[in-house]
Amino acid sequence: MVICMKNKKIEKLVLAAMFLALGMVLPFFTGQIPQIGKMLLPMHIPVLLCGLICGWNYGMAVGFVLPLLRSAVFTMPVMFPTAVGMAAELMTYGGVIGFLYAHSRWQCIVSLYRCLIAAMVSGRVVWGFAQLFLLGIGAEGFTLQAFLAGALLNAIPGIVVQLVLVPAVMLALHKTGLVPFRKAEKAEG
C-alpha cells in the first residue's frame, strides 16, 4: 500500500511537470503575438487540467509557477505586473477547480462545468485584486474599465476555448478510462 501511494504521488508529480511544460509551450502556438495570447489564454488550459487531474495542490503550484517561470525564461509575459498578476490568477484557477471537483458529489460533465465556471470567475476576481494591489487606484493605476476589458471583454475567445476544450479533454480521458468520472457512493443503511 505504501508503494502504491508513493507511485500515485510520483504519477501526480510527473503529470504536474507535464502540465507545466505544456503551459510553457502552448503560448508559442499563438505566434508570440501578445494580443492573440491575451485573447486565447493558452496558459490557463494546462493549469485547469492539472487541478482537475492531479488535485488542487498541484494545480495551485503549477498555476503559480507557470507565468513566473515563463516570464523568467522567455520574457513573456512581462514579469511586472502581468506575470505576477497571472500567478495569482492561475494559482486560483488550479486550486479552485481541483478542490471543487474533488469534493463534488459526482464527477461528471455537469459537475465539471460548475467547477470550471466557479474557477474562472474566482480566478478573474483574484486577478483584479492582484492588479489593484500591484498598480494601485487612479488614473495611472488599475481601473474598473481595465478590469472589465482584461477579465471579460478581451478574454471572451479564451473563455469559449476553455469551456469547450477542458471538458472535451476530460471526456476523452473518461472514455479511455485514464481519468474516469465517478458517481456518489450510495449511503449504507
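Heads up: the structure comes first, above all this text.
Residues numbered from 1 in each chain as written. Predicted model: local features only at pLDDT ≥ 70, side-chain atom pairs only at ≥ 80, totals over all residues. Heavy atoms only, no water.

K.L.:
Sorry if this is basic, but what is going on with unusual backbone geometry here?
P.N.:
Backbone geometry follows two general trends: most residues other than glycine have a negative phi, and most peptide bonds adopt the trans configuration. Residue Pro77 is bonded to the preceding Met76 through a cis peptide linkage, with omega at 0°. Of the consecutive residues Phe80 and Pro81, the connecting peptide bond is found in the cis state with omega at 0°. Positive phi values are uncommon outside glycine, yet Leu41 reaches one of about 50°. Considering the arrangement of structural elements, one finds Leu41 in the loop between helix 2 (34-40) and helix 3 (44-54). The exposure class of Leu41 is buried, given its relative accessible area of 10%. (Helix = DSSP H or I, 4+ residues; strand = E, 2+ residues; numbered from the N terminus. Buried < 20%, exposed > 50% of the residue type's maximum accessible area, 1.4 Å probe, protein only.)

K.L.:
In this structure, what is going on with the environment of Val47? I would like to understand it.
P.N.:
Its location among the elements puts Val47 in helix 3. For Val47, a relative accessible area of 0% puts it in the buried group. Through-space distance from the C-alpha of Val47 to that of Phe19 is 6.8 Å; in sequence the pair is 28 residues apart.

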